[in-house]
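# Report on the structure
Next come the chains, spelled out residue by residue.
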Amino acid sequence: MEALWLSMKLAACVAVILLVIGTPVAYWLAYSNWRGKFLLESMVALPLVLPPTVLGFYALIAMGPRGPLGKLWIALFGHGLAFTFSGLILASVLYSFPFAVQPLVASFEGVDRKLLDASAVLGAGGLRTFWRVILPLSLPGVVAAAVLSFAHTLGEFGVVLMVGGNLAGVTRTVSVDIYDHVQSLEYGAANRMALLLLAISFAVLSAVYAVNRRVWTPWAAK
Amino acid sequence: MDPVGCEVNATMLTARIRKGRHSAGPSSFALDVSIEVSPGVTILFGPSGAGKSTLLDCIAGLARPDEGQITVDGEVLFDSARGIHVPAPKRRTAYVFQTLALFPHLSAEENVAYGLKDFQEKERREKVEAILKAFRVEKLRKQRPGGISGGEKQRIALARSLVSEPRVLLLDEPLTGLDAELKAAIVDDLRAWNAAKGIPILYVTHSREEVDALGERVIALDNGRVRSAGAPMDVLDAPRRTKLAQAAGFENLLSATVLDLREGDGVMRVRLEESTCEIEVPLGYVAVGSRVRVAVRAGDILLATERPHRLSARNVMEGRIVSLEQRGMMAIARVDCGVAFIVHITPGAVRALELTAGLRVWLVLKTHSCHLVE
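For clarity, every value in this text was computed on a predicted model and none was experimentally measured. (Residues numbered from 1 in each chain as written. Chains lettered and ligands numbered in written order. Predicted model: local features only at pLDDT ≥ 70, side-chain atom pairs only at ≥ 80, totals over all residues. Heavy atoms only, no water.)

## Some remarks on the confidence of the model for chain B
Note: predicted coordinates in regions of low pLDDT should not be interpreted at a detailed level. Of all residues in chain B, 91% have pLDDT values of 70 or greater, and the mean over the chain is 86. Scored below 50 in pLDDT, residues 1-9 of chain B shows 3 contacts in the model against residues more than four places distant or in partner chains. (pLDDT = per-residue confidence, 0-100. Contact = heavy atoms within 4.5 Å.)

## Notes on the sheet that holds strand E21 (residues 371-373) of chain B
Residue and element names in this part refer to chain B. The antiparallel open sheet is built from 5 strands, whose spatial order is E14-E13-E12-E15-E21. Among the strands making up the open sheet, the edge pair consists of strand E14 (278-282) and E21. Along the sheet, successive strands turn relative to each other by an average axial angle of 50°, direction set aside. (Pairing = 2+ DSSP bridges. Helix = DSSP H or I, 4+ residues; strand = E, 2+ residues; numbered from the N terminus. Axes fitted to C-alpha atoms, helices over the stretch in contact; angles between N-to-C directions.)

## Observations concerning the interface of chain A and chain B
Counting from both sides, the interface comprises 18 residues of chain A and, opposite them, 20 residues of chain B. Interface of chain A and chain B: buried area, both sides summed, is about 1,900 Å²; carbon and sulfur atoms make up 67% of it. Where chain A packs against chain B, one counts 0 salt bridges. One can count 4 residue pairs in polar contact (both at pLDDT 80 or more) joining chain A with chain B. Listing elements by their share of the side of chain A that touches chain B, those giving two or more residues are helix H6 (113-121) and helix H7 (126-137) of chain A. Here the side of chain A that touches chain B takes 7 residues from H6(A), the largest share from any one element. (Buried area = accessible area lost by both parts, 1.4 Å probe. Salt bridge = Lys/Arg side-chain N within 4 Å of Asp/Glu carboxyl O. Polar contact = N/O pair within 3.5 Å; in protein donor to acceptor, adjacent residues only side chain to side chain.)

## Focus: the side chain of A:Thr129
Here A:Thr129 lies in helix H7. Aside from chain neighbours lying at most four places away, what touches A:Thr129 is A:Leu116, A:Ser119, A:Ala124, A:Ile134 and B:Tyr114.

## Considerations on the pairing of strand E13 (residues 267-272) of chain B
Residues and elements named next belong to chain B. Along E13, 5 of the 6 residues are buried, which leaves the element largely enclosed by surrounding structure. Counting the residues that bridge the hairpin from strand E12 (residues 252-262) to E13 gives 4 residues, and of these Gly-266 lies at a positive phi of roughly 70°. Pairing of E13 with E14 involves 5 bridges; the strand directions are antiparallel. For Arg-271, the partnering residue across the bridge sits in E14 and is Glu-278. Where E13 hands over to E14, the hairpin turn is made up of 5 residues, of which Glu-273 adopts a positive phi near 45°. (Buried < 20%, exposed > 50% of the residue type's maximum accessible area, 1.4 Å probe, protein only.)

## Notes on the domain arrangement of chain B
Looking at chain B, the domain boundaries give domain 1 (3-244) and domain 2 (252-373). Its C-alpha centre places domain 1 of chain B at a distance of 38 Å from the equivalent point of domain 2 of chain B. (Domains from an automatic or database assignment.)

## Here's the deal with the packing of aromatic side chains
Scanning all chains against the criterion turns up 10 aromatic pairs over all chains. For the ring pair B:Phe103 and B:Tyr114, a centre distance of 4.5 Å and an interplane angle of 45° mean the geometry is tilted. Here B:Tyr114 lies in the loop between helix H3 (108-113) and helix H4 (121-134) and B:Phe103 lies in the loop between strand E7 (93-96) and H3, a separation of 11 residues in the sequence. Look at B:Tyr114 and you get buried, because its relative accessible area is 1%. Feature note: the residues A:Tyr27, A:Tyr31, A:Phe108, A:Phe130 and A:Trp131 constitute an aromatic cluster, connected by ring pairs. Positioned above the aromatic ring of B:Tyr114 is the side chain of A:Arg128, whose terminal nitrogen or guanidinium carbon lies 4.9 Å from the ring centre. (Phe/Tyr/Trp six-rings, centres within 6.5 Å; stacked < 30°, edge-to-face > 60°. Lys NZ or Arg CZ within 6 Å of the ring centre and 35° of its normal.)

If you want it as structure tokens, here you go:
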């Protein structure tokens, strides 16, 4: 149960962080006219195609005592980043980035441009337009981004293993725990955890789809 | 104060705009216009693709001209030479789009209050209340746009754009899709509002009907250029361009050969297309034998079932009704006189004259209903 609690905590932290940094990135991707935009788009999508071990490997190198991130962390906090909960958050944020950014970009792009023009001629600057028009009309996308990055982090395995290792209470997440049980042939325990994860993932996703259908359809109707 | 002084101080919009360079050369801009708009309604008229919306976007600050200057009330909003480009939110120009662009997640009153962020809550509520009343939609204040009918949506969009007392109002076909009665009622309310404010209103349309209903002044735009400007009669009843002629509701557009000039009478005779049909049209600066285009409105043609005589109209042509079609409050007859004419008649006339396809008829055309097109 400790592993489950750790996974939930990790997933929640990652979802919140991703909403905060994913939103400006998504805004820029949705509205910038820069011609080199495709480069950033491909970078954001990279974790979708890379094996988690590749990402985890480079994250581990960067966080190690001789890596740039590791050195910075040691200078700031006096201890390393690899094999810590913070390191796990950082790697998970990278790994789940597209799951937050892509739904946000899609929903920002879905907002009628004429509404943004209308907002501008009514005296609203970019920030006010974002808060009053773009964000409320993109709520389904925001919810999808939060839930997808939460669920995706909850189920990740490769990156965790590479960066976090397997320290009980610190970096041993549900997926690693299940792997552990299987390795030691404890199929019953593995099954209990696996079923629990399956149930939680399903519950979270269906909650989102249900909410999306009921609450946000009325004003989307054209 | 003397009235001349008032004139000078009145709000005035001027725009000199060049945008969209296609190729090198002095006159290669997609849009190249210079206009002055005084208080009251000025119609911006022209076929779609003429550059009307781009012009409005430039004035509102949503698009940036390549060259030129835009001023309101003497204040410079854009000047390419001095590098001035006031951003859209700071221009105080109101703009109603064809799609209206009401915020779907906000109620009518929240939509209207959107542009009033700099006011105290109490003042804001008073202003919203007053303008909703002025446009007769105060009952809908709590409703979202999704549940509001056409016509009322237009009123809310107008209220939203005018509540912050803009210096200029730009309207891009805002009343498209409404019936004539609803249009007229909304226009009346808009005029009533502007009687007190006296701001320049630039109203884009390609509907001839709306020009007649609204027109004080018209600027005719075609292919990114101002073709003519002035009173509706002067601008639209002597069209100089074929495309403009069609847009202006000249359903009949015929090519003709000049047969002879009667300078003393101010007329000339022309033969229509390849037919034997000869008619008299106003004199143009053309030579005998040259080709001209003649534009005639379908509503300016009279139709008779017997050969008329002792008429002042000079052109009587014999023909046959090819087809007859009822469209709304109007019947459209296609008549073959050697050349095909489209004639608009009332359903009452169709019944009284017992018009049917195949019937022999005479078309009557006044000389001055025939317009020469460049």
